[in-house]
Amino acid sequence: MTTVAIIVAAGRGTRAGGGLPKQWRPLNGRPVVAHTLEAFRGLRRILVIHPDDRPLAEPLGVELVEGAGSRAGSVLAALRALEGQDVTRVLIHDAARPLVPRAVIDRVVAALDGAVGAAPALTVTDALWRGAAHVTGTEDRTALWRAQTPQGFRFDAILAAHLAHPGGAADDVEVARAAGLDVVIVEGDDSNMKVTWPADFARAEAMLKGRNMDIRMGNGYDVHRFGAGDHVWLCGVKVPHGRGLQGHSDADVGMHALTDAIYGALAEGDIGQHFPPSDMKWKGAESHIFLRHAAERMRARGFRLSNCDVTLICERPKIGPHAEAMRAALADILGVDPGIVSVKATTSERLGFTGREEGIAAVATALLVSA
Ligand SMILES: Nc1ccn([C@@H]2O[C@H](COP(=O)(O)OP(=O)(O)OP(=O)(O)O)[C@@H](O)[C@H]2O)c(=O)n1
Ligand SMILES: C[C@](O)(CO)[C@H](O)COP(=O)(O)O
């Protein structure tokens, strides 16, 4: 059983405007048609092009067929090119539908096991009105469908149907129906939109970004012991206290936990790996250096911070009066809005090392999303 995907891309995209025909314009950095072809990977693919677009199409490395002045003419050109090649089924798809989910393609293919033709569609969920500037009536929308592609057929049947058709059909299902072929409806998908108007590019890009979104969560934990001193650094704020925190750097336990949470989300180790305590260069270092580095790594990897949450665990100093300043300091270092930075504190009910005031612990979580 040989199934071939015919991707029709010979139109001029006049409604979309923008100079280059819509299928050659970029969507998230790649031509629309490159996304469409990728959706059919694993199948033999034929791309139907306008002769003027050959220089754009050749680098894609797929089989090319030159189309005609109408969509139906372009489809027929591909069908004729496949004649005598032992092709049993074809999936005819608009290049202008780059977001077709694999599940839709699979449903069409599966339905062809028991039918001559199969095509995806969606029910009409909005009311349908008649009229111009004013509503003059409402259409009955029961049994109405919004047609999508790929439209799949037994090869011989659809070739014969196209050869017999007088022209002017909206799609291949119309051609098939005119030849008396039965076409099964399978479930389509909202993301399988056809890029038709200028605003559709932004909509398709947003959908693509949502589909490819990478969400990363990381956590961090740190502890520093109390020693002599008259202040502690916590989340970038100098807090007066009867003792100080000991450490190789300025011992900002909250900032260290947050830095590790970001490294953790990136799966890039921890502070110790990036700034080894054995390296005297970092002796007494201000901890914003570490947090800035983690934030730079985050941005370089194409992520942004969705939110972060730091909890300081200590009996004293009391954190509440400083929490807002800490949020602002962390947000400033990270280059983000303080609204996505949380700093809070808890005691450990006088239990354990924090309860005995031997040191301060901090835990942090960070959520990163692809930018
Ligand atoms: N002569 C044609 C006309 C259309 N198509 C393809 O058929 C699909 C659906 O058509 P449509 O969205 O109408 O594309 P265009 O005809 O390019 O758009 P417009 O009508 O705005 O010019 C598109 O992938 C288009 O490239 C084709 O291969 N050959
Ligand atoms: C083939 C099609 O995409 C199915 O919905 C549609 O018929 C193409 O219509 P257009 O008028 O060429 O935009």
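Residues numbered from 1 in each chain as written. Chains lettered and ligands numbered in written order. Predicted model: local features only at pLDDT ≥ 70, side-chain atom pairs only at ≥ 80, totals over all residues. Heavy atoms only, no water.

A. Inspection of helix α3 (residues 71-82) at higher detail. A rise of 1.5 Å per residue sets the reference length of α3, with its 12 residues, at 16 Å; its end C-alpha atoms lie 17 Å apart and thus fit the reference within 8%. Residues of α3 that are buried include every one of Ala72, Ser74, Val75, Leu76, Ala78, Leu79 and Leu82, and no others. Looking one or two residues past α3, glycine 84 carries a phi angle of roughly 75 degrees, positive in sign. (Helix = DSSP H or I, 4+ residues; strand = E, 2+ residues; numbered from the N terminus. Expected span 1.5 Å × (residues − 1). Buried < 20%, exposed > 50% of the residue type's maximum accessible area, 1.4 Å probe, protein only.)

B. Quick look at the site of ligand 2. Neighbouring ligand 2 are the residues Arg15, Arg71, Asp94, Arg97, Ala147, Thr149, Ala170, Asp171 and Lys194. Between arginine 15 and ligand 2, the recorded distance is 2.8 Å, taken from a side-chain N or O atom to an oxygen atom. Between an oxygen atom of ligand 2 and a side-chain N or O atom of lysine 194, the distance comes to 2.5 Å. If ligand 2 stood free it would expose 360 Å²; the protein chains cover 71% of that surface. Mapping ligand 2 onto the cavity grids shows that it belongs to the largest pocket. In terms of residue class, the shell around ligand 2 is built from 2 nonpolar, 1 polar and 6 charged. (Near = heavy atom within 4 Å. Polar contact = N/O pair within 3.5 Å; in protein donor to acceptor, adjacent residues only side chain to side chain. Areas by Shrake-Rupley, 256 points an atom, 1.4 Å probe, with all protein chains shown as cover. 1 Å grid on protein atoms, 1.4 Å probe; cavity = no way out; pocket = protein on both sides within 12 Å on 5 of 7 lines; lining within 4 Å. Sits in = over half its atoms within 2 Å of the grid points. Nonpolar A, V, L, I, M, F, W, Y, C, P; charged D, E, K, R; others polar.)

C. Representation of the site of ligand 1. Around ligand 1, a shell composed of 19 residues is seen, among which Gly13, Thr14, Lys22, Ser74 and Lys194 lie nearest. Here alanine 10 contributes a backbone N or O atom positioned 2.8 Å from an oxygen atom of ligand 1. At 3.5 Å from a nitrogen atom of ligand 1 is found a main-chain nitrogen or oxygen belonging to glycine 69. For ligand 1, whose accessible area on its own is 560 Å², the fraction buried by protein is 87%. Put simply, the parts of the chain that give the shell around ligand 1 at least two residues each are β1 (3-9) and α3. The class makeup of the residues in the shell around ligand 1 is 6 nonpolar, 7 polar and 6 charged.

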